Amino acid sequence: MSRTKEIIQNAKALPKLLKVLLGVMLIPAVFVLLVAFGAFGPIPSRAELLALQVPTATELKDVHGELIGKYYIEERTEIPYESLAPNLVLALLATEDIRFFDHGGIDV
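Please read all numbers here as calculations on a predicted model, not as lab measurements. (Residues numbered from 1 in each chain as written. Predicted model: local features only at pLDDT ≥ 70, side-chain atom pairs only at ≥ 80, totals over all residues. Heavy atoms only, no water.)

J.: Could you give me a rundown of the overall build of the protein, with the residues and numbers involved?
T.: Looking only at helices and strands, the protein has 3 helices and 2 strands in total. Along the protein, helices (α) and strands (β) appear in the sequence α-α-β-β-α when read from the amino end. The buried share of the protein, taken over its 108 residues, is 3%. In the protein, of all internal contacts separated by at least 6 residues, the share reaching a separation of at least 24 is 0%. Surface accessibility of the protein: about 10400 Å² in total, with carbon and sulfur atoms responsible for 66%. (Helix = DSSP H or I, 4+ residues; strand = E, 2+ residues; numbered from the N terminus. Buried < 20%, exposed > 50% of the residue type's maximum accessible area, 1.4 Å probe, protein only. Contact = heavy atoms within 4.5 Å. Areas by Shrake-Rupley, 256 points an atom, 1.4 Å probe, with all protein chains shown as cover.)

Okay, structure coming up:
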C-alpha cells in the first residue's frame, strides 16, 4: 500500500519538476534573445569596442612644465603595463579562470 502512495506522490511531483526545469532553461534563453534583439540597447560592434577611448583628466601646466591642476569629470590616468607591480598583475590573474589565456574574454 505504501509503495502505491509513493508512486502517486512521485507522479504528482513530476509536473512541478518539469516546470522548474523549463523555467531554469527558459529564463536564460529569453534573456539572450532580448539582448540579441536589442531590448536593453544596442550591442557595440567589435570595431567600436576596439576603438574605445577612455576619457582622462586634462592637465594644466605652467611654462616650466609643472602641473598646476587637473580638470576632469572622472579622474583617470593611463598607466603603462610595465609600471604595474608584478604582484598586482598576479593578484588580478588569480581572480580569473584557469583558461584565461585560451579565450577572448568569454569562456564558453
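Still more ground to cover, so stick around.
J.: Explain the packing of aromatic side chains residue by residue, including any values.
T.: In total, this model carries 2 aromatic pairs according to the counting rule given. Where F31 meets F40, the ring centres are 5.7 Å apart and the plane angle is 40 degrees; that geometry is what we call tilted. F31 sits in the partly exposed class, given a relative accessible area of 48%. Taking 5.1 Å as the distance between ring centres and 75 degrees as the angle between the ring planes, the aromatic pair formed by F100 and F101 counts as edge-to-face. In this structure F100 comes out as partly exposed when scored by relative accessible area, which is 29%. By relative accessible area, which is 68% here, F101 ends up exposed. (Phe/Tyr/Trp six-rings, centres within 6.5 Å; stacked < 30°, edge-to-face > 60°.)

J.: Give me the pattern of salt bridges: which residues, what numbers.
T.: For side chains bearing opposite charge, pairing can occur when the charged atoms are close. This model, assessed by the stated rule, comprises 3 salt bridges. Among the ionic pairs, R76 bridges to E74, the shortest N-O distance being 2.5 Å. (Salt bridge = Lys/Arg side-chain N within 4 Å of Asp/Glu carboxyl O.)

J.: How would you explain a nonpolar patch on the surface if you had to name every residue and give the values?
T.: Together, L22, L26, V30, F31, V32, L34 and F40 give the surface a local cluster of nonpolar side chains, amounting to about 690 Å² of exposed area. Tracing the sequence through the fold places V32 in helix α1 (residues 2–36). (Patch = residues over 30% accessible without salt bridge, like charges linked within 9 Å, V, L, I, M, F, W, Y side chains within 5 Å.)

J.: Kindly report on the environment of E75, identifying the contributing residues and their values.
T.: Structurally, E75 is set in the loop between β2 (67–71) and α3 (86–94). Considered as a pair, E75 and P55 are 20 residues apart in the sequence and their alpha carbons are 8.5 Å apart. Separated by 3.2 Å, the side chains of E75 and K70 make a polar contact. (Polar contact = N/O pair within 3.5 Å; in protein donor to acceptor, adjacent residues only side chain to side chain.)

J.: Now, about the pairing of strand β1 (residues 58–61): what can you tell me, with residues and values included?
T.: Bridging between β1 and β2 involves 4 bridges; their strand directions are antiparallel. Across the sheet, the residue bridging to E59 is K70, located in β2. Connecting β1 to the next strand, β2, in antiparallel fashion are 5 residues, including G65 with a positive phi near 85 degrees. (Pairing = 2+ DSSP bridges.)

J.: Give me the lowdown on the environment of F40, citing residues and values where you can.
T.: Secondary-structure assignment places F40 in the loop between α1 and α2 (46–50). On the basis of relative accessibility, which here comes to 58%, the residue F40 falls in the exposed class. Every residue in contact with F40, bar those within four places of it in the chain, is listed here: F31, L34 and V35.

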